[in-house]
Amino acid sequence: MAVPKGRVSKSKRDKRKAQSWKIATPNLVKCSKCGELMASHQVCKACGAYNKKTIIKVD
């Protein structure tokens, strides 16, 4: 069986494990109707449009 050569401290272990849990920034695209930045495949929060069609009414 594999045996570790030396004990790994808690801080070393946690620093290594922290690298895999980074949150990626969302990809933002311009709204095709108003030009505001928005998340792709979502209704625009500024104008309420999706795919150049008004889906929700925004005041």
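Each chain carries its own residue numbering, running from 1 in the written order of its sequence. For a predicted model such as this one, the threshold for reporting local features is a pLDDT of at least 70, and the threshold for listing and counting side-chain atom pairs is 80 or more; totals across whole chains, interfaces and linings nevertheless cover every residue. With hydrogens and water excluded, all non-hydrogen atoms of the structure serve as input to the side-chain values.

> Would you mind going over the overall build of the protein with me for this structure?
Tallying secondary structure elements over the protein gives one helix and four strands in all. The helix count covers DSSP runs of H or I at least four residues long, the strand count covers runs of E at least two residues long, and both are numbered beginning at the N terminus. Mapped in sequence order, the helices and strands of the protein form the string α-β-β-β-β. This radius of gyration counts C-alpha atoms alone. The globule rule is 2.2 Å times how many residues there are, raised to the power 0.38. The C-alpha atoms of the protein give a radius of gyration of 22 Å, which is well past the 10 Å a tight globule of 59 residues would have. If one aligns the C-alpha atoms of the protein with their principal axes, the spans along those axes are about 60 × 25 × 15 Å. Residues counted as buried form 8% of the 59 residues belonging to the protein. Throughout, a contact is declared for two residues whenever any of their heavy atoms are within 4.5 Å. Counting contacts in the protein only where the partners sit at least 6 residues apart, residues at least 24 apart contribute 0% of the total. Each accessible area value is a Shrake-Rupley result obtained with a 1.4 Å probe; residue values ignore everything except the protein chains displayed when judging cover. Of the roughly 6000 Å² that the protein leaves accessible, carbon and sulfur atoms contribute 56%. Residue exposure (1.4 Å probe, protein chains only): buried if accessible area is under 20% of the type maximum, exposed if over 50%, otherwise partly exposed.

> Is there a simple way to explain the pattern of salt bridges in this structure?
Opposite charge on two side chains permits them to pair, given that their charged atoms come into close proximity. We define a salt bridge as a side-chain nitrogen of Lys or Arg found within 4 Å of a carboxyl oxygen belonging to Asp or Glu. Applying the stated criterion across every chain yields a total of one salt bridge. A salt bridge links Arg13 to Asp14, with the nearest nitrogen and oxygen atoms 3.0 Å apart.

> Could you clarify how one ought to interpret the environment of Glu36 in this entry?
Summarising the element assignment, Glu36 is placed in the loop between β1 (28-30) and β2 (37-39). Each C-alpha atom of the pair Glu36 and Ser20 lies 32 Å from the other, and the pair is 16 residues apart in sequence. When sequence neighbours within four positions are dropped, the list of residues in contact with Glu36 reads Val29, Lys30, Cys31, Cys44 and Ala46.

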